[in-house]
Every structure is written in structure tokens, then in C-alpha cells.
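This is what each chain is made of:
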Amino acid sequence: MNFITPLSWDDTGFILTGIMNTVTISVVAIVLGTLLGLIVGFMRAESSRVVNALFGGLLDILRSVPLIIQLVLFSTFIGAMGHPLNPFVAGSIILSLYTMAFMSEVFRSGFESVHQSMMTSARSLGMTYWQTIFYIRLPIGLRAVFPSWLGVALSVIKDSALVSVIGYMELLRTSEQLISRTQQPLMILIGVGIFYFIISYPLSSYGRYVERKMTT
Amino acid sequence: MEYEFHWNIVFQNMPELLNGAFVTLHVSVLAMLLGIVIAILLAIVKMNNSKPFCYVATTWVEIARNTPALFQIYMAYFGLGALGIHLSPYVAVLSALVFINAGYLTETFRGGFQSIPSTQYSASKSLGMTSLQLYRYIILPQMLRRIYHPMTNQFVWSILMSSLGILVGMSELSGTTQRLQSSSFRTLEFFMVAAVMYFIITKLVLLGSSLISRKLFKGEIG
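Cut-offs and rules
Residues numbered from 1 in each chain as written. Chains lettered and ligands numbered in written order. Predicted model: local features only at pLDDT ≥ 70, side-chain atom pairs only at ≥ 80, totals over all residues. Helix = DSSP H or I, 4+ residues; strand = E, 2+ residues; numbered from the N terminus. Buried ≥ 20, exposed ≤ 12 C-beta atoms within 10 Å, placed from the backbone. Contact = placed C-beta atoms within 7 Å. Expected span 1.5 Å × (residues − 1). Axes fitted to C-alpha atoms, helices over the stretch in contact; angles between N-to-C directions. Parallel < 35°, antiparallel > 145°, perpendicular 65-115°, else oblique. Left-handed = near helix turned anticlockwise from the far one by under 90°. Nonpolar A, V, L, I, M, F, W, Y, C, P; charged D, E, K, R; others polar. Core = buried A, V, L, I, M, F, W, Y, C linked by C-beta atoms within 7 Å. pLDDT = per-residue confidence, 0-100.

Quick word on the overall build of chain B
For chain B, the count of helices and strands is nine helices and zero strands. When the helices and strands of chain B are listed from N to C terminus, the series reads α-α-α-α-α-α-α-α-α. Its C-alpha atoms put chain B at 75 × 45 × 25 Å along the principal axes. Here chain B holds 222 residues, and the buried ones make up 38% of them. A separation of at least 24 residues holds for 77% of the contacts in chain B among residues at least 6 apart in sequence.

Right, dumping it as C-alpha cells:
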């Protein structure tokens, strides 16, 4: 009996599931992370020094502990508490929080880049506080940080590969399983690399293009 | 909460964990130093625009920036293995980190060089400075100030990413944690301690970096 079977067309379904899972978890993490990051970033830009330091400390933990450790810690913690989550949910929660930690920093600098005098003049034109936020601060601040936002989003797509450690079948894990069956690591890995590159390269070039256009 | 924490076993294994932390620090420092050397070369090649080398440099930078770190490590460990080059987990993680660090730092260095206006070169020449003096007193001090923060970030990033060694069986902090927890089944305790240790390591590195920058740049950092 032959245990090592070569790569065949039957495996495309398996790889496609992996690709879909990578895309799904990245999109979930980017969307949730952006929304949460927007709220937290806004709160940090608005709140006092003390609140800020507290928030900053919490976010700092998310940024200074490796993602892989956070994932393992969270999924075993939830399991030990008696409410095991499936890998997708646990992975999305941690990946979203991790994204939030970076996004909040991006958005905070965006909000702070809008000059105080602009808000004052908006208020003096009779706009309410929320109108100044929605019509002045958000559009101007968000436009300024778009390249950084894209950079964080891209790193999330790449970091989503780490969710494989808690058993989520994303692209790199499916390819690892194919490798252990077919013993053809080089071909499969190059394919996986090309996939990530195809997603990431156009976006990062676009980000650089926007950045260049903004500085000149 | 039904889970009982058993910290004893963690404290008994503390020397091994500290040893792992040392390996983590060690691999990231080495990856950073080698990455800087290669990045300087790549940046020079990219700025000189000599065709064949320039393509190599660009390809290197783009691959490093646009693929996951885990992919690089798998490539170094399993991919090169298929070609008959068998690297130990340590060398595989190190080479992947060097590859990525070099890719990211190339752009940092290039940006640092290009941020200095060319008028400064001619100004120093007209003041009668030699090229050595020009770089020593004018160009490098300004460039270092601009690339210092990105370089610190990259260093912290390599410390965090060296934790991927867990997946190829390297014996750095997370790999050691993984091995110890699998023989004692105290997963939660071991990983909590590892998280705290990573936090402390990054904070110490950031503290050290800000002390150095205060000494080196006397607070005038851009």
C-alpha cells in the first residue's frame, strides 16, 4: 500500500477551502478590528491623559505579546473555563482584538492630525459636536491615515496564517497537511507564497502610490 | 471556575524558560544585525539602479514584504529541505527572520538616504569637507535619527515573530513553553508565564532603545 500519493486535481477543493478560510478570517478581523479601532482611537484622541494611559496599557499588552501566544492562551483559557469555542470564533476574536490594537493607534493619529482650529471654526459656524466629528474630523482624519490603514490590513492578512496553531484550516495549514501527505513541500509552498503575494502586492503598491501622491 | 492553577511546575522549570528567553533574544539580535548588513547592501544596489542587481534587490524586498513570516519559515525549513539543504530549526528561523528584516529595512534605509536633500552634499563639498567628513558629520547623524524608530520597531517585531519557532520545534521561549506544557499538561500556566516574559522582553528592549536614543541624539529625534 502506498501512503504517499502525488498531488492531484482532487486536492483543489481542499486548497480552495483553505483559501476561502484565510480570506474569511482576514475579512472578519479587518472589519471588526477597523470598527473597534475606530471607536477606541476616537476615545483615545478625545479622553483625558489618565484614561488614555490606562487604555494605552491594555492595548500595549496586545501589541507586545506574540500573536501565537495570545491565540494559544485564549483558546486554552476558554477551554479550561468550560466553554470551548470553535477555532474560527476563537481565532477571529483574538485576531480582531490584535488588529484593533494597531488600528486604534492609526486612527488616533488620524484624528489628532486634524487641526484644532478646524474644529473651532466648524463649531463657530454653528455645527454641533457630532456634526464636526462626522463632517470634518472623520473625513479629513481618515483620508490622512488611509495608507497606514492599508498597511495594517495587509499585515492582518499575513498574520492570519498564525490562526492555524489553534486548528483553523486556513491556507497554510491545508498546505501543510498536503505536504505531509504528498511529500512535495517545495511546489505546494511556492503555490501558497504566490497566492499571498498576489493578494498583498497590488494592495501594497497601491498604498505606496497613494502615500506618494499625498506627500507631493 | 473549575480550573485549578498549579504554578509549582512552572517555577521548577523557570531556568529552562529563561534559557528559552535567552535564545529568543539571541536569535532576534542576530537576525537584526545580519538583516541590517544585507539591507544596507540592498539599499545601495537599489539606489545605484544597476539593472540585474536591482531586479534581485526589488524581488527580495517585495517577496519579504508581501508574504507571511510563517510562510518564510516553512520555506526555509521544509522548502529548502526538499532541495537537500537541511537546516536546523534555529538556522531556519534565523534565516527567515534575516530575509524579512533585510526586506523591510531596505526600504527604511532607502527612505532615510533619500530624505536628505542633495543640496547638503554640495554645501558640505563647498565648505571643503572630505567625503568621510561629509558622511560622518552631516549625512549619517541625520539619517540615523530618521531610521532609529523604524529600526527599533523592526527589532521588536523580530522578537515577537521568533515565537513562530514553536511550529518548527525550535527551543526558544515559545518552543520551550510548548515542550514543557506538553509534558506537564499545564498549558495555561506555561503560556501565561511566556506571555509575561515576552511582554517584559519587549518593554526592556524599548526602554533600552529610548535610553540609547537619548544618549545618542540628545532628544533631537525626528
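Once you've had a look at it, read on.
Digging into helix 8 (residues 171-182) of chain A
Helical geometry: 3.6 residues make up each α-helical turn, so side chains three or four residues apart lie on a common side. Counted at 1.5 Å a residue, the expected span for helix 8 of chain A with its 12 residues is 16 Å, and the 16 Å between its end C-alpha atoms agrees. Restricting attention to buried positions, one finds in helix 8 of chain A the residues A:Leu171, A:Leu172, A:Arg173, A:Thr174, A:Ser175, A:Glu176, A:Leu178 and A:Ile179. Looking at the buried positions of helix 8 of chain A, the neighbouring elements they touch are helix 1 (11-46) and helix 9 (185-215) of chain A together with helix 4 (69-82) of chain B. A:Gln183 lies just past helix 8 of chain A and shows a positive phi near 60°.

What to know about the packing of helix 4 (residues 87-113) of chain A against helix 7 (residues 146-159) of chain A
Residues and elements named next belong to chain A. It is the contact of helix 4 with helix 7, at a shortest axis distance of 10 Å, that shows an interaxial angle of 160°. By the criterion of interaxial angle, the relationship of helix 4 to helix 7 is roughly antiparallel. Here helix 4 and helix 7 pass one another in a crossing that is right-handed. Of the residues in helix 7, those touching helix 4 at Leu-95, Thr-99, Phe-102, Met-103 and Val-106 are Ser-148, Trp-149, Val-152 and Val-156. Here the residues of the contact of helix 4 with helix 7 are counted per class, giving seven nonpolar, two polar and no charged.

Side note on the nonpolar core
Residue and element names in this part refer to chain B. Counting 98 residues, the largest nonpolar core has Leu-70, Ile-73 and Val-93 as the members making the most contacts within it. Among the elements that line this core, the one with the most residues is helix 5 (residues 89-114), at 12 residues. Apart from the residues lying within four places of it in its own chain, the contact partners of Ile-73 are Ala-92, Val-93, Ala-96, Leu-164 and Val-168.

So, unusual backbone geometry
Although it is not a glycine, A:Gln183 sits at a positive phi angle of roughly 60°. Classification of A:Gln183 as partly exposed rests on a count of 15 C-beta atoms within 10 Å. With a phi angle near 65°, B:Phe185 is a residue other than glycine that sits in the positive phi range. B:Phe185 gets classed as exposed once you count the C-beta atoms within 10 Å, which come to 11.

Overview of the interface of chain B and chain A
On the side of chain A, 28 residues touch chain B, which itself brings 33 residues to the contact. Counted by class, the side of chain B that touches chain A contains 21 nonpolar, eight polar and four charged residues.

Re the confidence of the model for chain B
Averaged over all residues, the pLDDT of chain B equals 88, while 97% of them reach at least 70. Across the interface, the model reports ipTM at 0.85; the global pTM reads 0.88.

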